[in-house]
Amino acid sequence: MKDRGMRTFLAVLAGLAVIYFGATGRSAEEGGGISGGVVLLALAAALLVWNLTKPGDKPVK
């Protein structure tokens, strides 16, 4: 992908998806909110998407 805006959008979307599913998967007894581990997983997912969508060196034939 050459569009930096699209890469940013996908990275943020991946991070928000991890936070959403991490927060909704908790029971009421565990309390609300998100833990630090979920935040770290969201950051790792966003960085992974950012890295996987960077443009390559050679153009596609």
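The model shown is predicted, which means the values in this text are computed figures rather than measured ones. (Residues numbered from 1 in each chain as written. Predicted model: local features only at pLDDT ≥ 70, side-chain atom pairs only at ≥ 80, totals over all residues. Heavy atoms only, no water.)

Undergrad: Tell me about the overall build of the protein, and name the residues and values.
TA: Across its full length, the protein holds 2 helices and 0 strands. A separation threshold of at least 6 residues defines the contact pool for the protein, and within that pool the share at least 24 residues apart is 62%. In the structure as shown, the protein presents an accessible area of about 4900 Å², 68% of it carried by carbon and sulfur atoms. (Helix = DSSP H or I, 4+ residues; strand = E, 2+ residues; numbered from the N terminus. Contact = heavy atoms within 4.5 Å. Areas by Shrake-Rupley, 256 points an atom, 1.4 Å probe, with all protein chains shown as cover.)

Undergrad: Before we move on, could you go through the packing of helix α1 (residues 4–24) against helix α2 (residues 36–52) and cite the residues and values that matter?
TA: Contact pair α1 / α2: the axes reach a minimum separation of 8 Å and the direction vectors enclose 155 degrees. Here α1 is positioned roughly antiparallel relative to α2, judged by the angle of their axes. In the crossing of α1 with α2, the sense of the turn from one axis to the other is right-handed. Counted together, R4, R7, T8, L10, A11, A14, G15, V18, I19 and G22 of α1 and V38, L41, A42, A45, A46, V49 and W50 of α2 form the full contact between these two elements. (Axes fitted to C-alpha atoms, helices over the stretch in contact; angles between N-to-C directions. Parallel < 35°, antiparallel > 145°, perpendicular 65-115°, else oblique. Left-handed = near helix turned anticlockwise from the far one by under 90°.)

Undergrad: Outline the UniProt feature "transmembrane region" (unreviewed entry) in the protein, supporting the account with residue identities and numerical values.
TA: As recorded in UniProt, the feature "transmembrane region" (unreviewed entry) lies at residues 37–53. Annotated as 94% helix and 0% strand, the span residues 37–53 places its first and last C-alpha atoms 24 Å apart. (UniProt positions renumbered as here; feature names shortened; annotations may be inferred.)

Undergrad: Hey, could you go over α2 for me, with residue numbers and the actual values?
TA: An ideal rise of 1.5 Å per residue puts 24 Å on 17 residues; α2 measures up with 24 Å between its terminal C-alpha atoms. Of the positions making up α2, those classed as buried are V38, A42, A45 and A46. The arc that holds every buried residue of α2, seen down its axis, measures 95 degrees, which confines them to one face. Exposed and oriented more than 90 degrees from the buried face of α2 are L40, L43 and L47. Those residues of α2 that are buried are in contact with α1. (Expected span 1.5 Å × (residues − 1). Buried < 20%, exposed > 50% of the residue type's maximum accessible area, 1.4 Å probe, protein only. Arc of directions from axis to C-beta.)

Undergrad: Please give an account of a nonpolar patch on the surface that cites residues and values.
TA: Taken together, the side chains of M6, F9 and L13 define a hydrophobic patch exposed on the protein surface, amounting to about 300 Å² of accessible area. Considering the arrangement of structural elements, one finds L13 in helix α1. (Patch = residues over 30% accessible without salt bridge, like charges linked within 9 Å, V, L, I, M, F, W, Y side chains within 5 Å. Salt bridge = Lys/Arg side-chain N within 4 Å of Asp/Glu carboxyl O.)

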